Amino acid sequence: MAYVGSYIWSLRQKVGDRRLLVPGAQVLLLDGDGRGLFQQRVDTGVWELPAGACEEDGGFADAAVREVAEETGLRVEKEDLVAFGSISEPAVHTLTYPNGDVTHCFALCFAARRWSGELAPGADEVRRALFRPLDDPPGPLHPPTRLALAMYREFLVDGRFRAR
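These notes cover the structure that comes with them. None of these values were measured; they are calculated from a predicted model.

Examining the pairing of strand E2 (residues 36-41)
Most of E2 is tucked away, with six of its six residues classed as buried. Burial of the side chains of E2 extends over both faces: Gly36, Phe38 and Gln40 are buried on one face and Leu37, Gln39 and Arg41 on the other. In the sheet, E2 pairs with strand E8 (residues 126-132) via six bridges, with the strands oriented antiparallel. Residue glutamine 40 lies in a different strand from E8, and its bridge partner there is arginine 128. As paired elements, E2 and strand E3 (residues 47-48) share two bridges and run antiparallel to each other.

Structure below.
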């Protein structure tokens, strides 16, 4: 779904660029070599994981599945998503967009090792996408993505869900 017509867009029509509290999801897609899929944003040029806001009548997993499809052209099933953490710290996950809109995001972070389709970045949001080793991501890296990667590394060690 494009931004225009989305739930966040409809709220923006009422509140302008005032800070919104936004639930959403980030997804770390892993290939067979354990490399993660990173995408470069069109608007800011930073690299990040596929991510986005929840829509009305949808949950975190719905947002994860939808955003992966919209931003990468790939398909992931809800049952293949493994939640490993949550990022909500205002210092890390308050975002100001180029148009002045401000969001404080509350993201559930998922990893997925199974997915299908051909990589076809969504041109309206993604400049390019590529798989890279998790210890050598492209830069500049979006701060919430840097935190999500650190949380995932910790999750791999002890299997504990992280909340930040």
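Now that the structure is up, let's keep going.
Quick look at helix H2 (residues 60-72)
In this model H2 runs 18 Å from its N-terminal to its C-terminal C-alpha over 13 residues, within 8% of the 18 Å that 1.5 Å per residue would give. Listing the buried residues of H2 in full gives Ala63, Ala64, Arg66, Glu67, Val68, Glu70, Glu71 and Thr72. Structurally, H2 contributes buried residues whose contacts are with strand E1 (20-29), E2, strand E4 (51-53), strand E7 (102-112) and E8. Looking one or two places after H2, you find glycine 73, whose phi comes out positive at around 80°.

A short note on the sheet that holds E3
Judged by pairing direction, the sheet is antiparallel, and its three strands sit side by side in the order E3-E2-E8 without closing on themselves. The outermost strands of the open sheet, each flanked by one partner alone, are E3 and E8.

So, the pairing of E7
Every regular strand shows the same layout, with side chains that alternate between the two sheet faces. Among the 11 residues that make up E7, 10 are buried, leaving the element largely enclosed by the rest of the structure. Here strand E5 (residues 82-87) runs beside E7; their pairing, made up of five bridges, is antiparallel. Directly across from isoleucine 87, in E7, lies its bridge partner alanine 107. Relative to E7, strand E6 (residues 94-96) runs antiparallel, the two sharing three bridges. The residue bridging leucine 95 from the neighbouring strand is threonine 103, located in E7. Counted between consecutive antiparallel strands, the loop separating E6 from E7 contains five residues, among which glycine 100 sits at a positive phi close to 95°.

Thoughts on the pattern of salt bridges
On inspection of all chains with the given rule, the structure shows 13 salt bridges. Where aspartate 43 meets arginine 41, a salt bridge forms, and the shortest distance between an N and an O atom there is 2.7 Å. Residue class for aspartate 43 comes out partly exposed when judged on its relative accessible area of 38%. Residue arginine 66 pairs with glutamate 70 through a salt bridge whose shortest N-O separation is 3.6 Å. You can see arginine 66 and its partner glutamate 70 sitting in helix H2, four residues apart, about one turn around the helix.

Considering the packing of aromatic side chains
To describe a pair of aromatic rings, you give the distance between the ring centres and the angle between the ring planes. Within this structure, the stated rule accounts for four aromatic pairs. With a centroid separation of 5.6 Å and 15° between ring planes, the pair formed by tryptophan 115 and phenylalanine 131 is classed as stacked. Residue tryptophan 115 is found in the loop between E7 and E8, and its partner phenylalanine 131 is found in strand E8; the two are separated by 16 residues along the sequence. According to the relative accessible area criterion, phenylalanine 131 is buried, its value standing at 17%. Ring geometry for tyrosine 152 against phenylalanine 155: centres 6.3 Å apart, planes inclined by 25°, an arrangement best described as stacked. One end of the pair is tyrosine 152 and the other is phenylalanine 155, both in helix H4 (residues 143-158) and three residues apart, which spans about a single turn.

Calculation rules
- Residues numbered from 1 in each chain as written.
- Predicted model: local features only at pLDDT ≥ 70, side-chain atom pairs only at ≥ 80, totals over all residues.
- Heavy atoms only, no water.
- Buried < 20%, exposed > 50% of the residue type's maximum accessible area, 1.4 Å probe, protein only.
- Helix = DSSP H or I, 4+ residues; strand = E, 2+ residues; numbered from the N terminus.
- Pairing = 2+ DSSP bridges.
- Expected span 1.5 Å × (residues − 1).
- Contact = heavy atoms within 4.5 Å.
- Salt bridge = Lys/Arg side-chain N within 4 Å of Asp/Glu carboxyl O.
- Phe/Tyr/Trp six-rings, centres within 6.5 Å; stacked < 30°, edge-to-face > 60°.

In short, shape yes, function no, at least from these values alone.
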